[in-house]
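# Summary of the model geometry
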Amino acid sequence: ETGVTQSPTHLIKTRGQQVTLRCSSQSGHNTVSWYQQALGQGPQFIFQYYREEENGRGNFPPRFSGLQFPNYSSELNVNALELDDSALYLCASSLRPGPYEQYFGPGTRLTVT
Amino acid sequence: AQSVTQLGSHVSVSEGALVLLRCNYSSSVPPYLFWYVQYPNQGLQLLLKYTSAATLVKGINGFEAEFKKSETSFHLTKPSAHMSDAAEYFCAVSETGAAGNKLTFGGGTRVLVKP
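Residues numbered from 1 in each chain as written. Chains lettered and ligands numbered in written order. Predicted model: local features only at pLDDT ≥ 70, side-chain atom pairs only at ≥ 80, totals over all residues. Heavy atoms only, no water.

Our focus in this paragraph is the interface of chain A and chain B. With 24 residues of chain A in contact, the opposing surface of chain B contributes 21 residues. Overall, the association of chain A and chain B removes approximately 1600 Å² of surface from exposure, summing both partners, and the carbon and sulfur fraction of that is 55%. Three residues stand out in chain A for area buried against chain B, namely A:P99, A:E101 and A:F104, and they jointly supply 32% of the buried area on that side. Note that B:K49 and A:E101 form a salt bridge whose closest N and O atoms lie 2.6 Å from each other. Along the contact surface separating chain A from chain B lie four residue pairs in polar contact (both at pLDDT 80 or more). (Contact = heavy atoms within 4.5 Å. Buried area = accessible area lost by both parts, 1.4 Å probe. Salt bridge = Lys/Arg side-chain N within 4 Å of Asp/Glu carboxyl O. Polar contact = N/O pair within 3.5 Å; in protein donor to acceptor, adjacent residues only side chain to side chain.)

Okay, structure coming up:
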C-alpha cells in the first residue's frame with residue numbers, strides 16, 4: 001500500500017511568483033486536505049477536496065486554490081507569493097470526508113524570498 | 001469553532017522516565033481527538049485516535065491517551081521514554097462544519113529525551 005506522496009520536496013520562489021504543489025493520496029482514499037505549517041507552529045487547515053470539488057476552506061485568501069483529479073491526486077496553487085507564505089505545506093488523505101483519521105505526506109518546504 | 005491547547009511547548013525527560021503531554025480541547029459536540037508525532041523534516045504520523053468507543057486509547061510505540069470529558073482533556077502518556085521518542089507531538093480535534101471536515105491542531109510540544 002502506497003502512502004501519501006508530495007512533490008517537490010523543497011522549493012524556493014520569489015515574492016510575487018506563483019507555485020504549484022502536488023499530492024498523491026493513499027490508495028483507496030478519495031478525500032484530500034491541505035495544511036500550512038509555519039515554523040514552530042501547528043498545521044493550519046487550508047482546504048479539503050472530495051470527488052473533485054472543494055469540500056471546505058479555512059481562513060486563507062483566494063490566491064490559495066486547489067484541484068483534485070479523477071484519480072484523487074491533488075494540487076495546491078498559490079498566486080502572488082508573499083514572504084509569509086514560507087512554510088511546510090502538508091497534504092493529507094482520508095477514506096472519505098468526516099471525522100476520520102487523516103494520513104499525511106512528508107510535505108513540501110516552500111521558501112519565498 | 002473548536003480549539004486545542006497544548007500546555008508546554010517543550011518537555012524534557014530522561015530516558016526511561018514517564019512522558020506526559022497535556023492537551024485540552026474546546027468543543028460543543030462530542031469530539032474526535034487525535035495525537036500525531038512529527039519527526040524532524042517529516043510529515044505527521046498518527047499515534048492514536050479517540051472516537052468515543054473507549055476513554056483509554058492505546059496507540060503505536062507504547063503511547064496511550066485518556067479522554068476525560070469533565071476536564072475536556074486528552075493527555076498523552078508513555079510509561080518509559082526512549083531516545084527515539086524525541087520529536088514534536090501535536091494534539092488535534094476533528095471539526096465538521098461550514099469549513100468542511102478539518103483537523104484543528106494545538107501548537108505542539110517538542111520532546112527532548114536525555115540519556
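On to the sheet that holds strand β1 (residues 3-7) of chain B. All names here are of chain B. Read across the open sheet, the five strands follow the order β1-β3-β8-β7-β6; overall the sheet is antiparallel. Each end of this open sheet is capped by a strand with a single partner; those strands are β1 and β6 (56-58). The average angle at which neighbouring strand axes cross in this sheet is 20°, direction not considered. As paired strands, strand β7 (residues 64-68) and strand β8 (residues 73-78) are joined by five bridges and run antiparallel to one another. In the strand pairing of β8, E64 is matched with T77. (Pairing = 2+ DSSP bridges. Helix = DSSP H or I, 4+ residues; strand = E, 2+ residues; numbered from the N terminus. Axes fitted to C-alpha atoms, helices over the stretch in contact; angles between N-to-C directions.)

With that settled, the discussion passes to the sheet that holds strand β7 (residues 64-68) of chain A. All names here are of chain A. Strand order in the open sheet formed by four strands is β1-β3-β8-β7, with antiparallel pairing between adjacent strands. Because the sheet does not close on itself, it has two edges, and the strands there are β1 (5-7) and β7. Along the sheet, successive strands turn relative to each other by an average axial angle of 20°, direction set aside. Inspection of the sheet shows β1 paired to strand β3 (residues 19-24) by three bridges, in the antiparallel sense. Considered in β3, the bridge of S7 is made with R22.

Here we take up the side chain of A:T31. Residues and elements named next belong to chain A. Its location among the elements puts T31 in strand β4 (residues 31-37). Since its relative accessible area comes to 0%, T31 is described here as buried. Side-chain polar atoms of T31 contact the side chain of N30, separated by 2.8 Å. With residues near it in sequence (within four places) discarded, T31 still touches Q48, Y49, Y50, Q68, A92, S93, S94, R96 and P97. (Buried < 20%, exposed > 50% of the residue type's maximum accessible area, 1.4 Å probe, protein only.)

Take the environment of B:E66 next. Residue and element names in this part refer to chain B. Among the secondary structure elements, E66 is positioned in strand β7. Between the C-alpha atom of E66 and that of C91, which follows or precedes it by 25 residues, the distance is 13 Å. Leaving out residues up to four positions away in the same chain, E66 has contacts with T55, L56, S73, F74 and H75.

What follows covers the state of the cysteines. Overall, the coordinates contain two disulfides over all chains when judged by the stated rule. Here A:C23 connects covalently by a disulfide to A:C91, the sulfurs 1.8 Å from one another. A torsion of -60° about the S-S bond marks the disulfide between A:C23 and A:C91 as left-handed. Taken as a pair, A:C23 in strand β3 and A:C91 in strand β9 (residues 87-94) lie far apart in primary sequence, 68 residues in all. Side by side, A:C23 and A:C91 carry an identical accessibility label, which is buried. With a sulfur-sulfur separation of 2.0 Å, B:C23 is cross-linked through a disulfide to B:C91. (Disulfide = S-S within 2.5 Å.)

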